[in-house]
Amino acid sequence: MSGFGVRGGVSRCYPFWAEFRECMQTEEKADIPTCAPIRDDYLECLHHKKEHAHVKAINDKVKEDRANGVKYSFDPDKAVADAKKYW
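In this report, we go over the structure that sits alongside the text. Predicted model, so just to flag it, every value in this text is computed and none were measured. Residue positions are counted from 1 within each chain, in the order its sequence is given. In keeping with the predicted nature of the model, local features appear solely for residues at pLDDT of at least 70, side-chain atom pairs appear and are counted solely at 80 or more, and the whole-chain, interface and lining totals rest on all residues. With hydrogens and water excluded, all non-hydrogen atoms of the structure serve as input to the side-chain values.

### Notes on helix α2 (residues 36–47)
For clarity, the cut-off: Only runs of H or I of at least four residues qualify as helices and only runs of E of at least two qualify as strands under DSSP, and these elements are numbered from the N terminus. Given the number of residues in a helix, its expected span is that number minus one, multiplied by 1.5 Å. Burial classes: relative accessible area under 20% of the type maximum marks a residue as buried, over 50% as exposed, and values in between as partly exposed (1.4 Å probe, protein chains only). For this quantity, the arc is that covered by the directions from the helix axis to the C-beta atoms. Throughout, a contact is declared for two residues whenever any of their heavy atoms are within 4.5 Å.
Between the first and last C-alpha of α2 there are 16 Å, a value that for 12 residues agrees with the 16 Å anticipated at 1.5 Å per step. Buried residues of α2: I38, Y42, E44 and C45, and no others. Buried residues of α2, seen end-on, are gathered within an arc of 160 degrees and therefore sit on one face of the element. Where α2 is buried, its residues meet α1 (14–26) and α3 (49–67). Positive backbone phi, at 55 degrees, marks H48, one or two positions downstream of α2.

What follows is the structure, given as structure tokens:
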């Protein structure tokens, strides 16, 4: 892994990769599970699976609340539209 991002400089996940690689090089084979949390951070940086699951859970809760007639003090749809301006 070169560590260079698409626009030059360090890629967004390279610091996680470097930390994971260092852990794997320094730990004994029996202690590899100690590197698992670092590996999980690296994989989350790459794929955002935990973040996507969290967003899905929030959206499911909003959908359920709307079906049950719950009113919010803010408009979730407007909040999403405002956030998309910055994506």
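More follows now that the structure is in view.
### Describing the side chain of E44
Spelled out, the test is: Each polar contact in these results corresponds to two N or O atoms within 3.5 Å; when the atoms are within protein, one needs to be able to donate a hydrogen and the other to accept it, and residues that are neighboring in sequence are counted only if both atoms are side-chain atoms.
Structurally, E44 is set in helix α2. Within the structure, the side chain of E44 is placed 3.1 Å from the backbone nitrogen of E51, a separation counted as a polar contact. Ignoring sequence-local partners within four residues, the contact set of E44 consists of K49, K50 and E51.

### Overview of the state of the cysteines
This is how it is decided: Note that a disulfide, as used here, is simply two cysteine sulfur atoms within 2.5 Å.
Summed over all chains, the structure comprises 2 disulfides. The partner cysteine of C13 in its disulfide is C45, sulfur to sulfur 2.0 Å. Because the sign of the S-S torsion sets the handedness, a value of about -95 degrees for the bond joining C13 and C45 places this disulfide among the left-handed ones. Of this pair, C13 sits in the segment before α1 while C45 sits in helix α2; the two residues are 32 residues apart in sequence, bridging distant segments of the chain. Note on accessibility: C13 and C45 belong to one class, buried. Two residues share a disulfide in this structure: C23 and C35, whose sulfurs sit 1.9 Å from each other.

### A closer look at the environment of R39
Within the secondary structure layout, R39 lies in helix α2. For R39, the side chain forms a polar contact with the side chain of D40, separated by 3.3 Å.

### Things to note about the packing of aromatic side chains
Heads up, the condition is: Two aromatic rings from Phe, Tyr or Trp, using only the six-membered ring of Trp, form a pair when their centres are within 6.5 Å; if the ring planes differ by under 30 degrees the pair is stacked, by over 60 it is edge-to-face, and anything between is tilted.
Under the defined criterion, the tally for this structure stands at 2 aromatic pairs. The interplanar angle of 50 degrees and the centroid separation of 5.4 Å between the aromatic rings of W17 and Y42 together place this pair among those described as tilted. Here W17, found in helix α1, pairs with Y42, found in helix α2; they are 25 residues apart in sequence, far enough to count as distant. Ring-pair connections join several aromatic residues into one group, and the members of that group are W17, F20 and Y42.

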